[in-house]
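Coordinate analysis (summary)
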Amino acid sequence: MRFHMQAPKKRKPKRRWLKFIIPALLLTIIGSFFYLNMKLKPVYMNYAEVQTRKIAAHVISQAIQSRSTSVLDANDVLLNIPNETNDTVTMKVDAETINQIMAEIHELVEQHLERAESGDLEMLPQSDGMKFDTEEMEKHGGVVFFVPIGQVADIPLLGNLGPKIPIRFHIVGDVHADIDTKLTEYGINNVYMEVNMKLTVNVQIIIPIATKQSTVVQQFPIAIGIIQGVVPQIYTKGGQSPANIEIPLQDVKKP
């Protein structure tokens, strides 16, 4: 009698290495993702801040251009104070007129910013590669726009391709206005005067991986012009030795 022994089947080696490779691969992908985000975060935020300032400046400029009056003459915002003598001219800024102009501009700027945040595209610049999300702006407020990652990362090969990064900014607080007056000597006893209004707007910038508060400052003239003083019959040019005294020829009597 013959007995036939069946050879034992070879067991396939268990793929235990998959238990280590797959988690390691996932951890590597997640780690790479966070590493790239940390590296690109300053680039994203810098780009978002630059674009936010451009948009806010554009909206403010739209508000200024919508004014019924243009830049005033400097003499229109000054009050002449009478003197006992005619040798000097004393003037002061008309605070009431300046306050009226400031109130008008302040209201226009706030209205335009509110319209921009509510999705009014007429208030916003139309730039290549920038697309505004009007639906999101109408629902939740704030200015929301998308830019291709190729523009943010400055990769010419991608251009307008690739995923688009959402950027949102909100106006924080009220618009703050200041008046800055500059006086420059012009000719003989004349002064070139500039009355500038400086608007400061605080905005909260939000990108997918960070948020930051920034300040937008816009300055523009509201009154410019030359203020003429009394021209003296005799005057001295400073900084000369000996002093140089000039007398108008029409006042010199002929012998």
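Residues numbered from 1 in each chain as written. Predicted model: local features only at pLDDT ≥ 70, side-chain atom pairs only at ≥ 80, totals over all residues. Heavy atoms only, no water.

- The protein appears in an unreviewed UniProt entry as Sporulation protein YunB from Sporosarcina jeotgali.

**What about the overall build of the protein?**
- Tallying secondary structure elements over the protein gives four helices and 10 strands in all.
- With 255 residues in all, the protein has 29% of them scored as buried.
- Taking as baseline every contact in the protein between residues at least 6 positions apart, the subset at least 24 positions apart corresponds to 56%.
- When the accessible surface of the protein is split by element, carbon and sulfur atoms take 56% of a total near 18,000 Å². (Helix = DSSP H or I, 4+ residues; strand = E, 2+ residues; numbered from the N terminus. Buried < 20%, exposed > 50% of the residue type's maximum accessible area, 1.4 Å probe, protein only. Contact = heavy atoms within 4.5 Å. Areas by Shrake-Rupley, 256 points an atom, 1.4 Å probe, with all protein chains shown as cover.)

**Details of the side chain of R67**
- Note that R67 resides in the loop between α1 (18–65) and β1 (72–73).
- By relative accessible area, which is 10% here, R67 ends up buried.

**Examining the environment of P148**
- Following the sequence through the fold, P148 ends up in strand β5 (residues 143–148).
- Classification of P148 by relative accessible area gives buried; the value is 0%.
- Considered as a pair, P148 and K131 are 17 residues apart in the sequence and their alpha carbons are 9.6 Å apart.

**Looking at the sheet that holds β5**
- Ordered by their spatial adjacency, six strands build an open sheet running β1-β8-β7-β6-β5-β4, and the pairing between neighbours is mixed. Because the sheet does not close on itself, it has two edges, and the strands there are β1 and β4 (131–132).
- Here helix α2 (residues 95–117) sits on the sheet and contacts β1, β5, β6 (164–186), β7 (190–207) and β8 (210–228); the angle it forms with β6, its principal contact strand, is near 165 degrees. (Pairing = 2+ DSSP bridges. Axes fitted to C-alpha atoms, helices over the stretch in contact; angles between N-to-C directions.)

**Considerations on the pairing of β6**
- Strand direction decides the pairing type here: β5 and β6, joined by six bridges, are antiparallel. Bridge pairing in β6 links V144 to R168.
- Of the strand pairs in this sheet, β6 and β7 are connected by 16 bridges, and their pairing is antiparallel. Of the residues in β7, the one forming a bridge with V172 is N202.
- Following β6, the chain reverses through three residues before pairing antiparallel with β7; G187 in that reversal takes a positive phi of roughly 65 degrees.

**Quick look at α2**
- Relative to the 33 Å expected for 23 residues at 1.5 Å per residue, α2 spans 33 Å between its end C-alpha atoms, a close match to the ideal helical length.
- Taken together, the buried positions of α2 are T97, I98, I101, M102, I105, L108, V109, H112, L113, A116 and E117.
- Following α2 by one or two positions, G119 adopts a phi angle in the positive range, close to 100 degrees. (Expected span 1.5 Å × (residues − 1).)

**As for the pairing of β7**
- Relative to β8, β7 runs antiparallel, the two being bridged by 18 bridges. Note that in β8 the partner of T200 across the bridge is V217.
- Connecting the antiparallel pair β7 and β8 is a turn made up of two residues.

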